[in-house]
Amino acid sequence: MIAGMSDTSDGTKDTAGRDGRTGPGAGDGRGPTPRERRIAAWRRAPRVLARLGFVAPLKERLALLEAAGGVYDLDEMSDIYGDGVVEALEQRVAGLLGTEAAAFFPTGTMAQQVALRCWAGRTGDPAVALHALSHPEVHERNAFSQVSGLRPVRITSEPRLPTAAEVRDFEEPFGTLMLELPLRDAGFVLPTWEELTEVVEAARERDAVVHFDGARLWECTEHFGRPLDEIAGLADSVYVSFYKSLNAYGGAALAGPATLVEEARAWRHRYGGNVFQQFPTALSALVGLDRELPRLPEYVTHARVVATALREGLAAAGLPWSRVHPGVPHTHDFQVWLPYDAEVVVEAAIRSAEETGTVLFANHWHQKGPGLACTEVYVRAEALEWTAEDVRKAAAQFAERLTRETAR
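Residue positions are given per chain, counting from 1 as you read along its sequence in written order. The predicted nature of this model means local features are confined to residues of pLDDT at least 70 and side-chain atom pairs, given and counted, to a pLDDT of 80 or more, with totals for whole chains, interfaces and linings taken over all residues. Excluding hydrogens and water, the side-chain values take into account all heavy atoms of the structure.

Any two strands with at least two DSSP bridges between them are considered paired. The helix and strand labels rest on DSSP assignments: H or I over at least four residues marks a helix, E over at least two residues marks a strand, and numbering proceeds from the N terminus. Read across the sheet, four strands follow the order 9-10-13-12 without closing on themselves; strand pairing throughout is antiparallel. With partners counted over all chains shown, the strands left at the sheet margins are strand 9 (323-325) and strand 12 (366-369), one partner each. Across the sheet, the mean angle from the axis of one strand to that of its neighbour is 30 degrees, orientation sign disregarded. Looking at chain direction, strand 12 and strand 13 (residues 372-378) are connected through three bridges and run antiparallel. The residue of strand 13 that forms the bridge with Gln367 is Ala373. Helix 13 (residues 296-316) rests against strand 9, strand 10 (333-338) and strand 13 of the sheet, and its axis sits at about 10 degrees to strand 10. Lines fitted to C-alpha atoms define the axes, with helix axes restricted to the stretch in contact, and inter-axis angles between N-to-C directions lie between 0 and 180 degrees. By the convention used here, residues are in contact when the closest approach between their heavy atoms is within 4.5 Å.

Laid out in structure tokens, this is it:
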């Protein structure tokens, strides 16, 4: 995500630097890579829209546990194979989502494979209907088919969630419908509440179960105007991530009926996910639930201010074309598209951050076609200090720099 990761779940790097170091020359011995320069500029910058923990120095990440005493009794014994603080986290998640039980997993990839494998066994159908842009299809190296014996079938490839008609009329049978909420690679988009309930009903008409890929479900309440338990209650099972929005060290949870979760624990062990001790991650997730979860609606609201001001600032600077997508963000994350090659925009963004100390575009820019680049913008606590005018000014200055450099 921010400051140099092209995928927020499997850690895929967007440039060189295979050893993961971020210091000068860590990439190929010929000087810092764009990724390394971007991270360095982001760390130094006084003004950013978000500071996501996983690209922060280790000492800052360790400091997160200073708050652990406020979320769990540190005089208790540490966890062993999922008891203690891990159980406390599972109970907290089940309570928030309104499910009978929840199980902690080291990764979301594992949690979802296990969930869908369990449902395939119960329905007798290994076919999983999903979106062509969903995380398992784009970022998991065909794990469903290669590891779990599942058969993904693509309901649609349109940059939106599937419609009820598409689900109802799909030409192949399937046992499970998986919906990613929000759909990250389409722009963190969500359906309306009415559309979502209709899609779930259409799956039920086909006797299919419904699983939510809710890695970012935590921040969907503002868009839907519904509490977490009501949203999660539409599905038969839900996966949530602890690091994408809650800033934890990692980890995920699968929530649903007690019988499903119990079966999932057995498969978690078989998949190698029954880790001996996970208390740092569990504690960081509990801290995130206390600190970040209550603030997410505020971030979503301010993301709409930021998006509007970005669009206005880019337009005022005279760019030939630009797009903020969605125009009104559904969550606190959204996309920006510009009519330039990605390498040109990358250099302009890095130079701007290095020279001004203001980081408007901290993430990698992806080439989406000839002369077309796209990036993701994240709004967190740091963005709340930005007024709309601050964003407009920074956007205009960036656009002016971009046009100057491309005119050379």
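Another point: unusual backbone geometry. Put simply, Leu181 and Pro182 share a cis peptide bond, and its omega is -10 degrees. With respect to the secondary-structure elements, Pro182 resides in the loop between strand 5 (176-180) and helix 8 (193-205). Notably, Asn142 is not glycine yet its phi reads approximately 60 degrees, a positive angle. Looking at the element boundaries, Asn142 is found in the loop between helix 5 (135-139) and helix 6 (143-147).

The disulfide criterion used throughout: a pair of cysteine sulfur atoms within 2.5 Å. Under the criterion given, the structure shown has zero disulfides. Cys374 forms no disulfide, and the closest cysteine sulfur to it belongs to Cys220, at a distance of 19 Å. Exposure categories follow from relative accessible area, calculated using a 1.4 Å probe and restricted to protein chains: below 20% of the type maximum is buried, above 50% is exposed, and the middle band is partly exposed. Residue classification places Cys374 among the buried positions, given a relative accessible area of 3%.

Moving on: the pairing of strand 3 (residues 127-130). For a regular strand, side-chain orientation follows a simple rule: the groups alternate between the two sheet faces. Neither face of strand 3 is open: one carries Ala127 and Ala129, the other Val128 and Leu130, and all of them are buried. Of the pairings in the sheet, the one linking strand 3 to strand 4 (residues 151-154) comprises four bridges and is parallel in character. Bridge pairing in strand 4 places Ala129 opposite Val153. Sheet topology places strand 3 next to strand 5; two bridges connect them, and they run parallel.

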